[in-house]
Amino acid sequence: MALGRVLWRAAAAGGGRAARPISTSASRGGKSKVNESSTTAMEYKQQHPRQLRQMPRVDAGPSAAEQAVSNILYNTPIAPKLQTERHVLDCLAQDEPGVLSRVTGIMAARGFNIDTLVASKTEVPGLSRMTLVLKGPAIVMEQAKKQLEDLVPIWAVLDYSHTRVIERESLLVK
C-alpha cells in the first residue's frame, strides 16, 4: 500500500457530504488506493460513534492509604549498613596553590564526605600539612590513600585512624 499525503476538501455548502480526499501524492511513486468509493475517516467516525466505557472504581477509603504507608514503613527490611570507620589522614604537601582542591577532589571522587579539614603551614618552609577526618569503608580508604600518595605535590600520607591522638576543636570568633 502506497503511503501518501491526503489533502481534504471541506463539504460543499448545503451539500451535506462529508469531507473527501481530493488528491494524494504517493511517497514512493506507487499508485494511491484512495478513490471516491473509499470510506473516509470522518465518515467512519460518524457511522460508528465511540462509546466510552466506565472505569471500575475501587473504594479504598482514607484509612487504606495510611495502612499502606505504615505497611511499607514497618515491614520493609532494613538494608545492612556497610562497615564505615572514622579515618584521620595527615598529608604533608608542598606549599603551592591548588593542592587542597586536588586532595578534596580525590576524596569527592571516591564518595567520601569530609567531616573536618585543617590545612596549615609547618615549621619547614615550603611544606604544608592537611589533616582530613572522614568516614568510609576501610578498603576504599586504602585506595584513596594510595591515590593521594601518587599526587606530585604530596610528600607523605600518614594514617592516624588506629592511633591514640589528642583531638581539639576550636572556634575563633571576631
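Residues numbered from 1 in each chain as written. Predicted model: local features only at pLDDT ≥ 70, side-chain atom pairs only at ≥ 80, totals over all residues. Heavy atoms only, no water.

Colleague: Hey, could you run me through the pattern of salt bridges in this one?
Modeller: Side-chain pairs of opposite charge can arise where the charged atoms are in close proximity. Here the structure, examined in full by the defined rule, presents 3 salt bridges. A salt bridge links Arg-129 to Asp-90; the nearest nitrogen and oxygen atoms lie 2.5 Å apart. Placement of Arg-129 in strand 5 (residues 127–136) and of Asp-90 in strand 3 (residues 85–94) is noted, with a sequence separation of 39 residues between them. A relative accessible area of 31% means that Arg-129 is categorised as partly exposed. A salt bridge links Lys-121 to Asp-95, with the nearest nitrogen and oxygen atoms 4.0 Å apart. Of this pair, Lys-121 sits in strand 4 (residues 113–121) while Asp-95 is found in the loop between strand 3 and helix 3 (99–109), placing the two residues 26 residues apart along the sequence. Note on Asp-95: relative accessible area 39%, which makes it partly exposed. (Salt bridge = Lys/Arg side-chain N within 4 Å of Asp/Glu carboxyl O. Helix = DSSP H or I, 4+ residues; strand = E, 2+ residues; numbered from the N terminus. Buried < 20%, exposed > 50% of the residue type's maximum accessible area, 1.4 Å probe, protein only.)

Colleague: Would you take a moment to explain the confidence of the model for the protein chain for this structure?
Modeller: Predicted coordinates in areas of low pLDDT are best not read in detail. The predicted model of the protein chain has a mean per-residue pLDDT of 75, with 70% of residues at 70 or higher. Averaged pLDDT values over the elements of the protein chain bottom out at 43 in strand 1 (residues 4–9) and peak at 91 in strand 6 (residues 154–159). Counting interchain partners and residues more than four positions distant, the pLDDT-below-50 stretch residues 1–16 has 30 contacts. For residues 18–28, every residue scores under 50 in pLDDT, and the model assigns this stretch 35 contacts once sequence neighbours within four places are set aside. (pLDDT = per-residue confidence, 0-100. Contact = heavy atoms within 4.5 Å.)

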